[in-house]
Amino acid sequence: DAKTTQPPSMDCAEGRAANLPCNHSTISGNEYVYWYRQIHSQGPQYIIHGLKNNETNEMASLIITEDRKSSTLILPHATLRDTAVYYCIVRVAGRNSGNTPLVFGKGTRLSVIA
Amino acid sequence: DGGITQSPKYLFRKEGQNVTLSCEQNLNHDAMYWYRQDPGQGLRLIYYSQIVNDFQKGDIAEGYSVSREKKESFPLTVTSAQKNPTAFYLCASNKGPGELFFGEGSRLTVL
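Scope of this entry: the structure provided in the associated data block. (Residues numbered from 1 in each chain as written. Chains lettered and ligands numbered in written order. Predicted model: local features only at pLDDT ≥ 70, side-chain atom pairs only at ≥ 80, totals over all residues. Heavy atoms only, no water.)

Across its full length, chain B holds zero helices and 11 strands. Going residue by residue from the N terminus, the α and β elements of chain B occur as β-β-β-β-β-β-β-β-β-β-β. By the compact-globule yardstick of 13 Å for 111 residues, chain B fits well, its C-alpha radius of gyration being 13 Å. By its C-alpha atoms, chain B is 40 × 25 × 25 Å across when sized along the principal axes. Expressed as a percentage of its 111 residues, the buried residues of chain B come to 49%. Surface accessibility of chain B: about 5,500 Å² in total, with carbon and sulfur atoms responsible for 47%. Charge-centre separation for chain B: the mean point of 12 positive side chains lies 6 Å from the mean point of 12 negative side chains. (Helix = DSSP H or I, 4+ residues; strand = E, 2+ residues; numbered from the N terminus. Rg over C-alpha atoms; globule rule 2.2 N^0.38 Å. Buried < 20%, exposed > 50% of the residue type's maximum accessible area, 1.4 Å probe, protein only. Areas by Shrake-Rupley, 256 points an atom, 1.4 Å probe, with all protein chains shown as cover. Lys, Arg positive; Asp, Glu negative; His and termini not counted. Charge placed at Lys NZ, Arg CZ, Asp CG, Glu CD.)

Residue and element names in this part refer to chain A. The tally for this structure, following the rule as stated, stands at 11 aromatic pairs over all chains. Centroid distance Y36 to F104: 5.9 Å. Interplanar angle 70 degrees. Geometry classified as edge-to-face. With Y36 in strand 3 (residues 31-38) and F104 in the loop between strand 8 (84-92) and strand 9 (108-113), this residue pair connects regions lying 68 residues apart in the sequence. Residue Y36 shares its accessibility class with F104, and that shared class is buried. Between Y87 and F104, the aromatic rings sit 5.3 Å apart at their centres with planes inclined by 85 degrees, giving edge-to-face as the arrangement. (Phe/Tyr/Trp six-rings, centres within 6.5 Å; stacked < 30°, edge-to-face > 60°.)

All right, on to the nonpolar core then. Nonpolar side chains in soluble globular proteins generally cluster together in the buried interior. Residue and element names in this part refer to chain A. Membership of the largest hydrophobic core comes to 21 residues, with the highest contact counts inside it found for L20, W35, L73, L75, Y86 and L110. Of all elements in the fold, only strand 2 (18-23), strand 3, strand 4 (45-50), strand 6 (61-64), strand 7 (70-75), strand 8 and strand 9 reach the threshold of two or more residues within this core. At four residues, strand 8 tops the list of elements feeding residues into this core. In this structure L110 touches M10, D11, C12, A18, L20, L75, D82, T83, A84 and Y86, once residues within four positions along its chain are discounted. (Core = buried A, V, L, I, M, F, W, Y, C linked by side-chain atoms within 4.5 Å. Contact = heavy atoms within 4.5 Å.)

Many structure descriptions define interface size as the accessible area lost when the parts assemble. Contacts between chain B and chain A engage 24 residues on the former and 21 residues on the latter. Taking both partners together, chain B and chain A bury about 1,700 Å²; carbon and sulfur atoms supply 52% of that area. In this structure, the connection of chain B to chain A is made through zero salt bridges. Counting the contacts that link chain B with chain A gives five residue pairs in polar contact (both at pLDDT 80 or more). Of all the secondary structure elements, the ones that give two or more residues to the side of chain B that touches chain A are strand 4 (31-37), strand 5 (43-51) and strand 9 (87-94) of chain B. By residue class, the composition of the side of chain B that touches chain A is 11 nonpolar, eight polar and five charged. (Buried area = accessible area lost by both parts, 1.4 Å probe. Salt bridge = Lys/Arg side-chain N within 4 Å of Asp/Glu carboxyl O. Polar contact = N/O pair within 3.5 Å; in protein donor to acceptor, adjacent residues only side chain to side chain. Nonpolar A, V, L, I, M, F, W, Y, C, P; charged D, E, K, R; others polar.)

Residue and element names in this part refer to chain A. Across the two faces of strand 9 the burial differs, with T108, L110 and V112 buried and R109, S111 and I113 not buried at all. Judged from the five bridges that link them, strand 1 (residues 9-13) and strand 9 form a sheet pairing that is parallel. For D11, the partnering residue across the bridge sits in strand 9 and is S111. The pairing of strand 8 with strand 9 spans three bridges and is antiparallel. Paired with Y86 across the bridge in strand 9 is T108. (Pairing = 2+ DSSP bridges.)

Pairing is antiparallel in the open sheet, where four strands are placed in the order 2-7-6-5 (chain A). Unpaired on one side and paired on the other, strand 2 and strand 5 (55-56) of chain A mark the two borders of the sheet.

The next subject is the side chain of R13(B). Residues and elements named next belong to chain B. Within the secondary structure, R13 sits in strand 2 (residues 10-13). The buried charged residue R13 lacks any salt bridge, with E15 as its nearest oppositely charged partner at 7.3 Å. Side-chain polar atoms of R13 contact the backbone oxygen of Q17, separated by 2.8 Å. A polar contact is formed between the side chain of R13 and the backbone oxygen of V78, at a distance of 3.2 Å. Not counting residues within four places of it along the chain, the set of residues in contact with R13 comprises N18, V19, V78, T79, S80, Q82, P85, L108, T109, V110 and L111.

Structure (structure tokens):
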């Protein structure tokens, strides 16, 4: 699976949008971009994933560049409860991918400030 | 409700002792995984199992052992051969290419 690069930490004011970048310049055509987050001392939680189109769900939006070499996770109105470590992962998915383990890097530590 | 249950949440052990961490899921997931997390670090894969009675080593399998006798259960044994076992251990499962579901974790401290 392709490697990702994320900034180690970011701050965001409460109520503002949090934009978390991820670089995956070696991503392959059949690899999806996944985002998870981990609140202190808990198990990681799935947020969203996408292949090439932008995706949105109740938690966040995922913007993938046209060349697919980078993406941005957007939390539209960050709250204090969004303070967590956010992991960007690329992984082959689909019927023939099997259950390939996810490889977690160090992620971005997002601090939402009141 | 369906989910993954890890136990115990906190565990203390003396050096030289083996200890087994439990992971049970009622999600009917085929695959299960064990990760280790050290302070300020990401998750590292210890072992994973895609089907019953089969499992594969991850990146840091030395000093650990697992079994997968039932679909619902994937216990991890931390043996005395693991030189630095103090860590946060996370169990996860998924079905096919779907999202991973994680347990709440087990924090092991070696005294």
